[in-house]
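Here is how the chains run, residue by residue.
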Amino acid sequence: MIQLIKGFKDILPDEIVLWQYIEDTARALFEDFGFREIRLPIVEKSELFSKSIGDTTDIVEKEMYTFEDGKRGNVTLRPEATASVVRSYIQHKMYAEEPVRKLYTIGPMFRRERPQKGRYRQFYQIDAEVFGTASPYMDAQIIFMLVSLFNKLAVQNVSAHINSLGCPVCRPDFQKALFSLLESQKDHLCENCLRRSEKNPLRTLDCKVPSCRNALKDAPSILDFLCGDCQSHFNTVKDLLTRQNIPFDIDKNLVRGLDYYTRTAFEILTTSLGAQNAVAGGGRYDGLVEALGGPSQPAIGFAIGFDRLAEIMAQNRTLPPKNPKIYIAALGDTCRNLAWGWASDLCLDGVQTEMDFEERSLKSHMKRADKFHADFVLILGDNERENGHALFRNMESKEQISVPLDDLVPQLIKIIG
Ligand code: HAM
């Protein structure tokens, strides 16, 4: 038997109830905040990701599903959504329509990571991006919206962590200071950090290898290097979050795994998922639109790990499955023929109705109705049909009434309210 590939998974109907609930809640909230949905291709030119996420990131160096596509050259299954949203924003000149553009998208992403709990090779993100404003008010609003979604979903054991990654004016000084420390600690660094120390020293700050952690315990804080503008931007974000009662931790080592960030960076961390503790992440990326060939437009956004969110929610909640309201037990050909139309009409009227088209005894029909957890059973045998009535049974109270066959569907709808 052919099995699915490790790191990929099926999301089965029982789980989908929760996924749909999360998706519906996110959509409604985002739309209220002025976001509009955008759907993008899963495959893009590889250079879109290397230019945006960064050549020296884990994602671009080793995790992308890239293949050659004839004349088109190398194409990649998107490892994240931001680059594609930016590409589309530039391509369709959305900046010319509205000064501030808010977009969201939901869909699968692909990273060839080592699979483990909470980490998959195909995973889903709920992604939101805002273009056209550099205001710290937007940073605070985005974080507020994200935290509010977790609150609406009643997710527990999560906390917001924020940092500022500075800007092209102040970050180089910090990188220099960090690089000096890395040079002096060379002998204690893992291979990855050694390689990174020159090209991308910031990334050494979230290395999990104990010797690196120890070597970097006295690392300078980027927050001490912020220029005046970045400092005041960060202060405003913190003040606004405090004013809105959003609890947060400042984490000077929060550097994110993608290179496009400037200023505010944030993550929502959970204690419920073992090593994979980030359930959402994002930040400002004021230089990316221009770097990808668009006009100079500031931007900020985040992505929620949908799989991880669903997993933590499933730990302490089950949603009622979507069971049929009515099960129709029609006995014999003539009754089946008559009831078939009612079943379709009831479904069309929004009453989920199941009907088994096989020839069965009444007992076996009732067993099926029980298995479906149907609220009501409509019974039609030749006797009932000849009397011009069907029996309608409430499965909880066991009460059974007779309903005239004329205009049956509207009557049933009235009875079940
Ligand atoms: P990211 O931190 O790489 O950011 O991913 C966001 C979230 O996606 C993570 O916090 C995690 O929950 C989930 N995630 C990432 N990789 C996996 C995986 N292999 N399996 C399961 N879940 C995973 C971004 O992707 C940025 N594009 C976010 C952003 C939007 N920044 C600005 N705008």
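How each quantity is defined
- Residues numbered from 1 in each chain as written.
- Predicted model: local features only at pLDDT ≥ 70, side-chain atom pairs only at ≥ 80, totals over all residues.
- Heavy atoms only, no water.
- Pairing = 2+ DSSP bridges.
- Helix = DSSP H or I, 4+ residues; strand = E, 2+ residues; numbered from the N terminus.
- Buried < 20%, exposed > 50% of the residue type's maximum accessible area, 1.4 Å probe, protein only.
- Contact = heavy atoms within 4.5 Å.
- Axes fitted to C-alpha atoms, helices over the stretch in contact; angles between N-to-C directions.
- Parallel < 35°, antiparallel > 145°, perpendicular 65-115°, else oblique.
- Left-handed = near helix turned anticlockwise from the far one by under 90°.
- Nonpolar A, V, L, I, M, F, W, Y, C, P; charged D, E, K, R; others polar.
- Phe/Tyr/Trp six-rings, centres within 6.5 Å; stacked < 30°, edge-to-face > 60°.
- Lys NZ or Arg CZ within 6 Å of the ring centre and 35° of its normal.
- Lys, Arg positive; Asp, Glu negative; His and termini not counted.
- Salt bridge = Lys/Arg side-chain N within 4 Å of Asp/Glu carboxyl O.
- Domains from an automatic or database assignment.
- Expected span 1.5 Å × (residues − 1).
- Bend = angle between axes of the 7 residues up to and from the residue.

Visitor: What's the story with the sheet that holds strand β8 (residues 248-250) in this structure? I'm lost.
Guide: Sheets are built from strands that pair by backbone hydrogen bonding, the pairs being arranged parallel or antiparallel. The mixed open sheet is built from 8 strands, whose spatial order is β1-β5-β6-β11-β10-β9-β7-β8. A strand with exactly one partner marks an edge of an open sheet, and here the two such strands are β1 (36-37) and β8. Note that strand β10 (residues 278-284) and strand β11 (residues 299-305) share 5 bridges and pair antiparallel. Paired with A280 across the strands is I304, a residue of β11.

Visitor: Please clarify how the environment of F357 should be interpreted in this entry.
Guide: Relative to the helices and strands, F357 is located in the loop between β13 (353-355) and α13 (362-372). Look at F357 and you get partly exposed, because its relative accessible area is 46%. For the pair F357 and A390, spaced 33 residues apart in sequence, the C-alpha to C-alpha distance is 17 Å. If near-sequence neighbours (up to four positions away) are discounted, F357 is found in contact with R336 and W340.

Visitor: Explain the packing of helix α12 (residues 333-348) against helix α15 (residues 408-416) to me, please; I cannot follow it from the model alone.
Guide: The relative placement of two packed helices is expressed as an angle between their axes plus a distance between the axes. One can describe the packing of α12 onto α15 by two numbers: an axis separation of 10 Å at closest approach and a directional angle of 50 degrees. It follows from the interaxial angle that α12 and α15 lie oblique. In the crossing of α12 with α15, the sense of the turn from one axis to the other is right-handed. Every residue of α15 that contacts α12 at W342, D345 and L346 is listed here: L408, V409, L412 and I413. Its residues assigned to classes, the contact of α12 with α15 comprises 6 nonpolar, no polar and 1 charged.

Visitor: Could you clarify how one ought to interpret the packing of aromatic side chains in this entry?
Guide: In the structure shown here, the tally under the stated rule is 15 aromatic pairs. Relative to Y95, the ring of Y89 has its centre 5.8 Å away and its plane inclined at 70 degrees; by these criteria the two rings are edge-to-face. Between F131 and Y285 the ring centres are 6.3 Å apart and the planes differ by 85 degrees, which places this aromatic pair in the edge-to-face class. With F131 in strand β6 (residues 122-131) and Y285 in the loop between β10 and α10 (288-291), the pair connects residues that are 154 residues apart, well separated along the chain. Like F131, the residue Y285 is buried in the burial classification. Members of the aromatic cluster, each reached through a chain of ring pairs, are Y89, Y95, F131, Y260, Y261 and Y285. The cationic tip of R112 hangs over the ring face of Y65; the distance from NZ or CZ to the ring centre is 4.4 Å.

Visitor: Just to check I follow, could you spell out the side chain of E63 for this structure?
Guide: Turning to its location among the elements, E63 is positioned in helix α3 (residues 58-63). Buried charge without a salt bridge: E63, with R111 as the nearest opposite-charge side chain at an N-O distance of 5.0 Å. Every residue in contact with E63, bar those within four places of it in the chain, is listed here: D58, F110, R111, R112 and E113.

Visitor: Sorry if this is basic, but what is going on with the pairing of β6 here?
Guide: In the case of a regular strand, side chains alternate between the two sheet surfaces. Burial within β6 is extensive, with 9 of its 10 residues counted as buried. Of the strand pairs in this sheet, strand β5 (residues 101-110) and β6 are connected by 10 bridges, and their pairing is antiparallel. Each residue of the ladder has a partner; that of T105, found in β6, is D127. For β6 and β11, the ladder comprises 7 bridges, and the chain directions are antiparallel. Each bridged residue has a counterpart across the sheet, and for D127 the counterpart in β11 is A303.

Visitor: Honestly, the sheet that holds strand β15 (residues 389-394) in this entry has me stumped. Any pointers?
Guide: On the basis of which strands lie adjacent, the open sheet formed by 5 strands has the order β13-β12-β14-β15-β16 and mixed pairing. Across the chains shown, the open sheet's two edge strands, defined by having one partner strand only, are β13 and β16 (400-404). Averaged over all adjacent pairs, the angle separating strand axes in this sheet is 25 degrees, with direction ignored. Strand direction decides the pairing type here: β15 and β16, joined by 5 bridges, are antiparallel. Looking at β16, one finds that R393 is bridged to Q400.

Visitor: What is the right way to read unusual backbone geometry from this model?
Guide: Backbone geometry follows two general trends: most residues other than glycine have a negative phi, and most peptide bonds adopt the trans configuration. Here the phi dihedral of N157 falls at roughly 60 degrees; this positive angle occurs in a residue that is not glycine. Here N157 lies in the loop between α5 (136-152) and β7 (158-164). The phi angle at D407 is positive, at roughly 55 degrees, despite the residue not being glycine. Along the chain, D407 turns up in the loop between β16 and α15. Residue D407 is classed as exposed on the basis of its relative accessible area, which comes to 59%.

Visitor: I would appreciate a short explanation of the packing of helix α1 (residues 13-32) against α5 in the present structure.
Guide: At their nearest, the axes of α1 and α5 sit 10 Å apart, and the two run at 140 degrees to each other. As far as their axial angle goes, α5 and α1 are oblique. Crossing of α1 over α5 shows right-handed handedness. Facing α1, whose interface residues are Y21, T25, A26, L29 and F30, α5 presents M145, S148, L149 and K152. Across the contact of α1 with α5, the residue classes break down as 6 nonpolar, 2 polar and 1 charged.

Visitor: Just checking my understanding: could you explain the domain arrangement of the protein for this structure?
Guide: Many structure descriptions define interface size as the accessible area lost when the parts assemble. As assigned here, the protein comprises domain 1 (13-170 + 226-316) and domain 2 (326-416). Here the C-alpha centre of domain 2 lies 49 Å away from the C-alpha centre of domain 1.

Visitor: Could you clarify how one ought to interpret α12 in this entry?
Guide: Residue pairs three or four apart in sequence face the same way in an α-helix, which turns once every 3.6 residues. The terminal C-alpha atoms of α12, which comprises 16 residues, lie 23 Å apart, in line with the 22 Å expected from a rise of 1.5 Å per residue. Where α12 bends most, at A339, the angle is about 25 degrees. Within α12, the full set of buried residues consists of C335, R336, A339, W342, A343 and L346. The inward-facing, buried residues of α12 contact β12 (326-330), β13, β14 (376-380), α14 (382-387) and α15.

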